[in-house]
Amino acid sequence: MDSPVKDIAAGATAAGASTGSGTSTASPAASSRATRLGPVALVVAGGLSVQFGSAVAVLLMPRAGALGVVTLRLVLAAAVLLIVCRPKVRGYGRADWGTVVAFGTAMAGMNILFYQAADRIPLGAAVTLEVLGPLVLSVIASRRLMNLLWAGLALGGVLLLSGGGFDRLDPVGAAFALGAGAMWATYIVFSARTGRRFPQADGLALAMAFGAVLSLPFGIVEAGDKLLVPSTIGLGLCVALMSSVLPYTLELLALRRLPAPTFAILMSLEPAIAATAGFLVLSQALALTDALAIALVIAASMGAVRTQVKRAALPPEA
């Protein structure tokens, strides 16, 4: 069984291979700073888009509820991706479809749990707790003692964020955010595997459609005919484009030229972006201790990834 880190790296390789250029890819060390600037900008733009899209989703929750917002996001995003990608459904085996089902299930679970959290705790805190999922994945995959330091640093940030007890944040909301983090780690693994098995963004479109089908009953039960209000659909389309279609497309383009570990480092900045979006769009001001807690989790995420990069760069033992 492949390790999660190999899955992530293979996903990046598969995305690069899908360009069909036929030319060899330069090593990260030989790439110029100017060449890297473009992909980095794409990832940062994707992070800004997804977190500000999440802020808009919070504004939409009073109209459709958290589950209704998830349904609108996934259904509308799936519709856009299916129209644009027009994925083929023939020629794939049971293992390929199993990967799509797992990817779509992780996607739906991640969104359902995250929006339940964002409905109860500030956006910055929700993303900070959620990012622990990929961090734990990195620590487990690397199996290095050094990463225990990063895990301890992240734990310190979480304890600081909770003020010594999650009752300050709402324990249910914090639990939903941690659950979303577990789904995010699963999402990363199966996203890479889907990228290897399906060309272009076909696998993403099919997985999004499956996730939309899974979320549909929950949205209908909670929101009912509120999902059909034109203004609600309009805001839902905005969330779908900002939080799914645009960032996933930008990330796909970036991964064709950006090493996966570098991508992971950039993704660890999302708690700070989320906190900024929460402040600007939702007027969710952060206390000094909250800002410090987010900074600790970001530092831990970056440190864990950089440790993994240094290990990969070492020559193999004789």
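Cut-offs and rules
Residues numbered from 1 in each chain as written. Predicted model: local features only at pLDDT ≥ 70, side-chain atom pairs only at ≥ 80, totals over all residues. Heavy atoms only, no water. Helix = DSSP H or I, 4+ residues; strand = E, 2+ residues; numbered from the N terminus. Contact = heavy atoms within 4.5 Å. Areas by Shrake-Rupley, 256 points an atom, 1.4 Å probe, with all protein chains shown as cover. Phe/Tyr/Trp six-rings, centres within 6.5 Å; stacked < 30°, edge-to-face > 60°. Lys NZ or Arg CZ within 6 Å of the ring centre and 35° of its normal. Core = buried A, V, L, I, M, F, W, Y, C linked by side-chain atoms within 4.5 Å. Buried < 20%, exposed > 50% of the residue type's maximum accessible area, 1.4 Å probe, protein only. Patch = residues over 30% accessible without salt bridge, like charges linked within 9 Å, V, L, I, M, F, W, Y side chains within 5 Å. Salt bridge = Lys/Arg side-chain N within 4 Å of Asp/Glu carboxyl O. pLDDT = per-residue confidence, 0-100. Axes fitted to C-alpha atoms, helices over the stretch in contact; angles between N-to-C directions. Parallel < 35°, antiparallel > 145°, perpendicular 65-115°, else oblique. Left-handed = near helix turned anticlockwise from the far one by under 90°. Nonpolar A, V, L, I, M, F, W, Y, C, P; charged D, E, K, R; others polar.

### Quick notes on the overall build of the protein chain
From N to C terminus, the protein chain includes 12 helices and zero strands. Each helix (α) and strand (β) of the protein chain, taken in turn from the N terminus, gives the series α-α-α-α-α-α-α-α-α-α-α-α. Across the protein chain, the fraction of contacts at a sequence separation of at least 24, relative to all contacts at a separation of at least 6, is 88%. A total accessible area of about 15000 Å² is found for the protein chain, and carbon and sulfur atoms account for 69% of it.

### Overview of the packing of aromatic side chains
Tallying each qualifying case throughout the model produces five aromatic pairs. Counting every residue linked through ring pairs, the aromatic cluster contains Tyr92, Trp97 and Phe198. Residue placement shows arginine 193 over the ring face of phenylalanine 190; its charged tip is 5.3 Å from the ring centre.

### Observations concerning the nonpolar core
General note: in soluble globular proteins, nonpolar side chains tend to be found buried as a group. Of all hydrophobic cores here, the largest spans 69 residues; its most connected members are Met107, Phe114, Tyr115, Tyr187, Leu204 and Met208. Among the elements that take part in this core, helix α2 (residues 33-85) stands out by supplying 17 residues, more than any other. With sequence-adjacent residues up to four places away left out, methionine 208 is seen in contact with Leu74, Ala77, Ala78, Leu81, Met107, Ser244 and Tyr248.

### Regarding the environment of valine 131
Within the fold, valine 131 resides in the loop between α4 (123-130) and α5 (132-142). Separated by 138 residues in sequence, valine 131 and leucine 269 have C-alpha atoms that sit 9.5 Å apart.

### Some points on a nonpolar patch on the surface
A contiguous nonpolar surface patch, about 380 Å² in accessible area, is contributed by Leu59, Phe279, Leu280 and Val281. Of all the elements, helix α11 (residues 270-282) adds the most residues to the nonpolar patch, at three residues. For phenylalanine 279, the location among the structural elements is in helix α11.

### Concerning the confidence of the model for the protein chain
Note: predicted coordinates in regions of low pLDDT should not be interpreted at a detailed level. Averaged over every residue, the pLDDT of the protein chain is 77; the share at 70 or more is 72%. Residue range residues 1-31 is modelled with pLDDT below 50. Its contacts to residues more than four positions away, or to other chains, number 36 contacts.

### Describing the side chain of serine 243
With respect to the secondary-structure elements, serine 243 resides in helix α9 (residues 230-255). Here serine 243 falls in the buried class, since its relative accessible area comes to 0%. Excluding residues within four positions of it along the chain, serine 243 makes contact with Ser49, Val50, Gly53, Ser54, Arg73, Tyr115 and Tyr248.

### Digging into the pattern of salt bridges
This model, assessed by the stated rule, comprises one salt bridge. Note that aspartate 96 and arginine 197 form a salt bridge whose closest N and O atoms lie 2.8 Å from each other. Residue aspartate 96 is located in helix α3 (residues 94-118), and its partner arginine 197 is located in helix α7 (residues 171-197); the two are separated by 101 residues in the primary sequence. What makes aspartate 96 buried here is its relative accessible area of 14%.

### Quick notes on the environment of glutamine 51
Its location among the elements puts glutamine 51 in helix α2. Remark: the alpha-carbon pair of glutamine 51 and methionine 242, spanning 191 residues in sequence, is separated by 8.3 Å. Residues contacting glutamine 51, with those up to four places away along its chain left out, are Leu123, Val127, Glu270, Ile273, Ala274 and Ala277.

### With respect to the packing of α4 against α11
In contact at an axis separation of 7 Å, α4 and α11 are set at 165° when each is read in the N-to-C sense. The angle between the axes of α4 and α11 places the two elements in the roughly antiparallel class. Handedness of the crossing formed by α4 with α11: right-handed. For the pair α4 and α11, contact is made by Leu123, Gly124, Val127 and Thr128 and by Glu270, Pro271, Ala274, Ala275, Ala277 and Gly278, respectively. Its residues placed into classes, the contact of α4 with α11 shows six nonpolar, three polar and one charged.

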